[in-house]
Amino acid sequence: MRKVKIPTIIAIIILTLGLSFSVILVGQKQLLIPKAKSQNAPQNVQISNITDSSFSVSWTTQDKSNGSIIWGKSKTSLNQTTAEETKSQGYTHFATIRNLEPQTIYYFKIISNTSTYDNNGTPWEIETGSSLNTKNNSSIKNISGSVVSSIGTPVNQALVFAKIQGVSLLSTYTSENGNWIIPLLELRTEDLKDAYQPTGQELIEINVHAGPQGIASAQIYLQDANPTPIITLGQNFDFRGITTNKSEAIPTAEILAPEQVTKQPKFNVNDYDNEGIANNNVTIDSIEEGEVIYTTNPEFFGKAPPNKTITITVESEKPQTTTINANNSGVWKWSPPSRLTPGTHKITLTYRDEDGVLRSIIKTFIVQASEANEPAFEATPSASITPTPILTSTSTPTPNATPTFIATSTPLIQKNASPTATPIQPISGFSLPTLFLFTTGLLLLVGSGFLLF
């Protein structure tokens, strides 16, 4: 009877294939959990807007996620939580921690979806600045601009970083219409110890990070940055040779010497001038574009034709909308029922003109935390802005790499976070196929050895 011989080389090949396939089955499931978790890990973590009572944290994620900050004065007791301001799930995230103590070290971790991340095994830490008796008293109170995509559409929730020579890092994020504004009321030196008085000649480097939509950068001098020209994602701009056409901006308020400044509120409805109402226009007269106000419970007012129906919307943490009618004298006034949170807000007036065409008036403003003896709605002496941004990238993007922004004034920043908790040991692979293939391979090994000898 003829014996069937299996060539040794074939047996070895079968054995190798079987063992390789077993390893793949075992490792396939092990790779799923860490990979999924890494998509939500915070990257490009930046600390900015540091004052004696607050600081901001921003980061990006590869997948859309929700985020928050847990923080405290001790590494082992992070018992307070601050939600991110960019509320909807997204790739970019921004949170501001407020009501802090001066010259105090705070620690924090980032929660992304349901996982907690730290700075390579330890919480991030940041020290607040000292209390300052002086603030920016120059005529330059804001920088602003807008961000659009490569096809010209507004980019929402893009992170905007502004690095001014000699000043600690500043940041914000864009609104739904792509606009951004950064107040310069509390500029500090890079060491956070002194107030900084701008001259207008400082160079600003602006970086924009919009997640998978791309990045952009620009350079511009401070005196020309309110507003800056429009910034388009995917491009680098040098605006140092341009001069903003100030004649197109709304005239600046007259700046008075300190002894001339009065504490009379600008928003005094009783002294409101009713002249000019008959021109059938609707206006917002209580606030200028880009103005900083010092109350969380403002009262807005303006002019309109008598009994004109107006819809008012304030976009804040929780958008507030109402419909009112101007009175018989052609004056409307309204105060949001809920207090506004500190930060950038937008008010929109919608109405129909004499021809029935729907019209809108939009103004952006900034709410600062109220200060003692500070009148509500005191206008800053800055010019109104029509945002148009600019940026300069501090790093050159490389293919297949996630761009990062390095803030020289915040050495505590780390680019990539690591999970706090020890990763859960994944469950082993499919036992039955692995056992079967292992046994088959073992038998083939023994059989091939027997045939060889």
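Numbering of residues starts from 1 in each chain and follows the order in which that chain's sequence is written. It should be noted that, the model being predicted, local features are given only for residues of pLDDT at least 70 and side-chain atom pairs only at 80 or more, the latter also being counted only at that level, while totals for whole chains, interfaces and linings use all residues. The basis for every side-chain value is the complete set of heavy atoms in the structure, and neither hydrogens nor water enter the calculation.

Draft legend 1. Spotlight on the overall build of the protein chain. Helix and strand assignments follow DSSP, with helices taken as H or I runs no shorter than four residues and strands as E runs no shorter than two, numbered in order from the N terminus. Along its length, the protein chain carries two helices and 24 strands. Within the protein chain, the fraction of its 453 residues that count as buried is 47%. For the protein chain, the proportion of contacts with a sequence separation of at least 24, taken over those separated by at least 6, is 65%. In the structure as shown, the protein chain presents an accessible area of about 23600 Å², 55% of it carried by carbon and sulfur atoms. Summary of the burial criterion: residues with accessible area below 20% of their type's maximum are buried, those above 50% are exposed, and those between are partly exposed, where the area comes from a 1.4 Å probe applied to protein chains only. We call two residues contacting when some pair of their heavy atoms lies within 4.5 Å. Per-residue and other accessible areas follow the Shrake-Rupley method at a 1.4 Å probe size, with only the shown protein chains counted as cover for residues.

Draft legend 2. Quick peek at the nonpolar core. Here, the term nonpolar core denotes a set of buried Ala, Val, Leu, Ile, Met, Phe, Trp, Tyr and Cys residues that are joined through side-chain atoms within 4.5 Å. Of all hydrophobic cores here, the largest spans 28 residues; its most connected members are I143, L184, I204, V208 and I231. If you list the elements that add at least two residues to this core, you get β9 (142-148), β10 (159-164), β12 (179-183), β13 (203-209) and β14 (215-221). In this structure, V282, W332, Y351 and I361 belong to the second largest nonpolar core, which totals 20 residues.

Draft legend 3. Molecular detail of the packing of aromatic side chains. Two rings from Phe, Tyr or Trp (for Trp, the six-membered ring) form a pair when their centres are within 6.5 Å of each other. A pair whose planes differ by under 30 degrees is stacked, one over 60 is edge-to-face, and the rest are tilted. Taken as a whole and judged by the stated rule, the model has seven aromatic pairs. Ring geometry for F55 against F108: centres 5.9 Å apart, planes inclined by 35°, an arrangement best described as tilted. Linking F55 in strand β2 (residues 55-65) with F108 in strand β6 (residues 105-112), this pair joins segments that are 53 residues apart in sequence. Given the relative accessible area of 1%, F55 is considered buried. Arranged with centres 5.3 Å apart and planes meeting at 15°, the rings of F237 and F239 form a pair that is stacked. Here F239 falls in the buried class, since its relative accessible area comes to 10%. The structure contains a cluster of three or more aromatic residues connected by ring pairs, namely F55, F108 and W124.

Draft legend 4. How the structure looks around the pattern of salt bridges. For this document, the term salt bridge refers to a Lys or Arg side-chain nitrogen within 4 Å of an Asp or Glu carboxyl oxygen. Scanning the entire structure with this criterion turns up five salt bridges. Close ionic contact of R188 with D52 constitutes a salt bridge, the shortest N to O distance being 3.7 Å. Residue R188 is found in the loop between β12 and β13, and its partner D52 is found in the loop between β1 (43-48) and β2; the two are separated by 136 residues along the sequence. Between R98 and E85 there is a salt bridge whose closest N-O contact spans 3.7 Å. Highlighted residues: R98 in the loop between β5 (90-97) and β6 and E85 in the loop between β4 (80-83) and β5, separated in sequence by 13 residues.

Draft legend 5. Region of the structure containing the sheet that holds β5. A pair of strands counts as paired when DSSP detects no fewer than two bridges linking them. With antiparallel pairing, the three strands of this open sheet are ordered in space as β1-β2-β5. The open sheet is flanked by β1 and β5, the only strands paired with a single partner. Strand-to-strand, the axes of this sheet are offset by a mean angle of 20°, without reference to chain direction. Judged from the four bridges that link them, β1 and β2 form a sheet pairing that is antiparallel. With axes taken as lines fitted to C-alpha atoms, and helix axes fitted only over the stretch in contact, angles between N-to-C directions fall between 0 and 180 degrees.

Draft legend 6. Seen up close, the sheet that holds β13. Pairing is mixed in the open sheet, where five strands are placed in the order β11-β10-β13-β14-β16. For this open sheet the edge positions go to β11 (170-173) and β16 (236-238), each flanked by a neighbour on one side alone. Put simply, the sheet's adjacent strands are angled 15° from each other on average, direction ignored. Relative to β13, β10 is paired through six bridges, and the arrangement is antiparallel. Within β13, the position partnered with A162 by the bridge is I206.

Draft legend 7. Expanded view of the side chain of D52. D52 sits in the buried class, given a relative accessible area of 17%. Side-chain atoms alone can form a polar contact between residues adjacent in sequence; in general such a contact is a pair of N or O atoms within 3.5 Å, and within protein one must be able to donate a hydrogen while the other accepts it. A polar atom in the side chain of D52 sits 3.5 Å from the side chain of S131. Each residue touching D52, except ones within four places of it in the same chain, is listed here: L100, E101, P102, T128, G129, S130, S131, E186 and R188.

Draft legend 8. The arrangement of the confidence of the model for the protein chain in detail. Residues with a pLDDT of 70 or more make up 66% of the protein chain, whose mean pLDDT is 75. Here residues 29-33 scores under 50 on pLDDT; set against residues more than four positions off or in separate chains, the count is three contacts. The predictor attaches a confidence to each residue, called pLDDT, with possible values from 0 through 100.

Draft legend 9. Up close: the environment of R359. One can find R359 in strand β23 (residues 358-367). Under the relative-accessibility criterion, R359 is labelled partly exposed at 40%. Residues R359 and V282, 77 residues apart in the sequence, show an inter-C-alpha distance of 9.4 Å. Beyond its immediate stretch of four places on either side in the chain, R359 contacts L349, T350, Y351 and D353.

Draft legend 10. A look at the pairing of strand β22 (residues 343-352). β22 sits mainly inside the fold: seven of its ten residues count as buried. Pairing geometry for strand β19 (residues 309-315) and β22, over five bridges, is antiparallel. Residue E315 lies in a different strand from β22, and its bridge partner there is K346. When β22 meets β23, the two strands line up antiparallel, connected through ten bridges. Bridged to T344 within β23 is I366.

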